[in-house]
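Secondary and tertiary structure notes
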Amino acid sequence: MNLKEIREIARQRMEGSCRLCRVCNGVVCAGETPGMGGVGSGAGFQNNVAALQRIRLNMRTLHDVMEPDLRVELFGLQLDFPVLAAPVAGMGLNFPAVGTEEDLARWAVVGAKMAGTLGMSGDGPDPTTFPSGLRAIQHVHGHGIPVVKPLPLQDLQPKIEQAEQAGCVALAMDIDAAGILMMRRAGYRVGPKTKAEIADIVASTKLPFILKGIMTADDAEKAVEAGVAGIVVSNHGGRILDHTPGTAEVLGEIAAAVQGRITVLMDGGIRSGFDVMKVLALGADAVLVGRPLTVAGFGNGEQGVCTQLLQFRDELERAMVLTGCRTLADVGPHVIRQA
Ligand SMILES: Cc1cc2nc3c(=O)[nH]c(=O)nc-3n(C[C@H](O)[C@H](O)[C@H](O)COP(=O)(O)O)c2cc1C
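The following refers to the structure shown. Nothing here was measured: the structure is a model prediction, and the numbers come from that model.

How each quantity is defined
- Residues numbered from 1 in each chain as written.
- Predicted model: local features only at pLDDT ≥ 70, side-chain atom pairs only at ≥ 80, totals over all residues.
- Heavy atoms only, no water.
- Axes fitted to C-alpha atoms, helices over the stretch in contact; angles between N-to-C directions.
- Helix = DSSP H or I, 4+ residues; strand = E, 2+ residues; numbered from the N terminus.
- Left-handed = near helix turned anticlockwise from the far one by under 90°.
- Contact = heavy atoms within 4.5 Å.
- Nonpolar A, V, L, I, M, F, W, Y, C, P; charged D, E, K, R; others polar.
- Near = heavy atom within 4 Å.
- Polar contact = N/O pair within 3.5 Å; in protein donor to acceptor, adjacent residues only side chain to side chain.
- Areas by Shrake-Rupley, 256 points an atom, 1.4 Å probe, with all protein chains shown as cover.
- Disulfide = S-S within 2.5 Å.
- Core = buried A, V, L, I, M, F, W, Y, C linked by side-chain atoms within 4.5 Å.
- Buried < 20%, exposed > 50% of the residue type's maximum accessible area, 1.4 Å probe, protein only.
- Salt bridge = Lys/Arg side-chain N within 4 Å of Asp/Glu carboxyl O.
- Pairing = 2+ DSSP bridges.
- Right-handed = clockwise from strand over helix to strand, strands pointing away.
- Phe/Tyr/Trp six-rings, centres within 6.5 Å; stacked < 30°, edge-to-face > 60°.

Right, let's talk about the packing of helix H4 (residues 101-115) against helix H5 (residues 129-139) for a bit. Two packed helices can be described by the angle between their axes and the distance between those axes. H5 packs onto H4 with a crossing angle of 40 degrees between their chain directions and a minimal axis gap of 8 Å. The two elements H4 and H5 meet at a crossing, and its hand is right-handed. Here H4 contributes Glu101, Glu102, Ala105, Arg106, Val109 and Val110 to the contact with H5, which in turn contributes Thr129, Ser132, Gly133, Arg135, Ala136, Ile137 and His139. Of the residues belonging to the contact of H4 with H5, the class tally is 5 nonpolar, 4 polar and 4 charged.

As a further point, take the site of the ligand. Among the 24 residues in the neighbourhood of the ligand, the closest are listed as Pro87, Asp267, Arg271, Gly290 and Arg291. Interatomic distance of 3.0 Å between a side-chain N/O atom of lysine 212 and an oxygen atom of the ligand. With the chains in place, 98% of the 600 Å² that the ligand exposes on its own is no longer accessible. Taken together, the residues that form the shell around the ligand break down as 7 nonpolar, 9 polar and 8 charged.

So, about the state of the cysteines. Enumeration over the complete set of coordinates arrives at 0 disulfides. Unpaired in terms of disulfides, cysteine 18 finds its nearest cysteine sulfur in cysteine 24, a separation of 6.3 Å.

Below, the discussion takes up the nonpolar core. In this structure, Leu211 and Ile231 are the most contacted members of the largest nonpolar core, which totals 103 residues. A per-element tally of this core places helix H12 (residues 291-321) first, with 10 residues.

Let us look at the pattern of salt bridges. Tallied over the full model, the rule gives 16 salt bridges. Aspartate 174 serves as the salt-bridge partner of lysine 149, at 2.5 Å between the closest nitrogen and oxygen. With a gap of 25 residues between them, lysine 149 in the loop between strand S6 (144-148) and helix H6 (153-165) and aspartate 174 in strand S7 (residues 171-174) connect regions that are remote in the sequence. Aspartate 174 matches lysine 149 in its accessibility class, with the two residues each being buried. Ionic pairing is found between aspartate 314 and arginine 313, a salt bridge with its closest N-O pair at 3.1 Å. In this structure arginine 313 comes out as partly exposed when scored by relative accessible area, which is 28%.

A word on the pairing of S6. Counting buried positions along S6 yields 5 of 5 residues, so the element is predominantly enclosed. Side chains Gly144, Pro146 and Val148 of S6 all project onto a buried face; the interleaved residues Ile145 and Val147 project onto the opposite face, where all are buried too. In terms of strand pairing, strand S5 (residues 119-121) meets S6 through 3 bridges, oriented parallel. Across the sheet, methionine 120 pairs through a bridge with isoleucine 145, a residue of S6. Remark: the S5/H5/S6 crossover connection has right-handed handedness. Both S6 and S7 contribute to a ladder of 2 bridges, which runs parallel.

The next thing to look at is the environment of glutamate 67. The topology assignment puts glutamate 67 in the loop between strand S1 (55-57) and strand S2 (72-74). Glutamate 67 gets classed as exposed once you look at its relative accessible area, which sits at 73%. Expressed as a C-alpha distance, the spacing of glutamate 67 and methionine 320, which sit 253 residues apart in the sequence, is 8.8 Å.

Okay, the environment of arginine 291 next. Within the fold, arginine 291 resides in helix H12. Taking the C-alpha atoms as reference points, arginine 291 and glycine 133, 158 residues apart in sequence, are found 17 Å from one another. Contacts of arginine 291, omitting those with residues within four sequence positions, involve Cys24, Met36, Gly37, Gly38, Phe45, Gly237, Arg239 and Arg271.

Next up on the list: the packing of aromatic side chains. Counted by the stated rule, this structure contains 2 aromatic pairs. Ring geometry for tryptophan 107 and phenylalanine 298: centres 5.0 Å apart, planes at 70 degrees, overall edge-to-face. In this pair, tryptophan 107 sits in helix H4 while phenylalanine 298 sits in helix H12, placing the two residues 191 residues apart along the sequence. On the basis of relative accessibility, which here comes to 10%, the residue tryptophan 107 falls in the buried class. Of the residues examined, phenylalanine 298 reaches a relative accessible area of 2% and is grouped as buried. One aromatic cluster is present, formed by Phe95, Trp107 and Phe298 through successive ring pairs.

So this is what it looks like as structure tokens:
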């Protein structure tokens with residue numbers, strides 16, 4: 001099935017939760033959370049897409065780069081290309097009456113493994129969410145990263161142990177879920193964390209620990225000092241705090257602050273392999289993609305996610321040839337310009 005066919009099926013299955021716009025930019029679905037939209041005015045989601053649209057790629061063709069090497073090593077694992085499936089959870093909440101929570105996680109995690117890369121699973125107010133994601137990761141013998149909510153360490157302990165027993169590649173926390181009222185009302189003690197609390201979590205597990213939802217250089221510095229293995233520069237796809245900047249607006253200063261001490265990932269508004277190129281040029285080691293892969297999953301399950309990821313790979317490969325980058329290490333600020 002090609003991507004056009006995949007999207008046609010997804011359009012029918014996602015009726016009522018996503019309109020599959022020509023450009024997935026958060027305009028039509030502004031305020032649709034639950035659903036696929038951004039929170040409130042939708043500005044955070046829209047800023048993600050707009051920030052990437054403002055960046056141009058410098059075409060360079062006088063060189064001998066024919067077959068670029070897209071491989072990247074992350075958390076001790078070699079991936080064929082630097083595009084990961086972001087955690088997207090909440091089937092019942094965001095996409096009523098379509099599939100199971102485990103389907104949603106399996107499409108991302110198994111589809112990413114099929115494509116030669118890595119997927120993540122999410123968590124939420126429904127207690128079956130985290131175990132569903134973990135089961136999807138167990139399908140591929142631990143080849144995935146589960147994401148936990150920012151709960152107190154004692155509440156996290158069982159999930160940390162389950163992730164370790166499943167042999168997961170790493171463990172992540174979407175620290176930006178600190179203010180999710182729905183979780184608090186459901187009795188979960190989610191909240192912000194101090195540097196010392198993050199350091200305690202890092203010390204409590206042998207898995208590399210990743211903080212997802214970093215938007216300032218200041219927080220990135222604290223994360224490094226707390227001993228995390230990586231951060232994801234992310235505003236949760238604009239679904240948490242209205243009026244956040246686009247992630248591509250802040251990535252440069254965050255990468256400069258981190259100075260290669262830990263892995264830097266970024267997500268938000270990435271819609272093609274050409275966007276991936278821009279994000280790598282701004283200083284990320286790899287990227288996460290959310291909504292486009294979820295749509296592909298609704299269209300054709302894990303195979304749909306794999307097909308969409310391979311399209312990102314092919315576009316990135318083309319971008320590397322046309323900017324003269326032999327390896328990902330060659331991708332730098334010289335390949336982009338701001339409009
Ligand atoms: C429906 C939906 C559910 C999501 N669930 C989670 C989640 O459980 N945990 C998490 O860390 N991020 C979650 N995210 C955020 C994504 O991981 C990611 O940060 C975001 O979608 C990236 O932006 P993009 O969709 O524009 O690529 C969710 C996003 C969407 C659209």
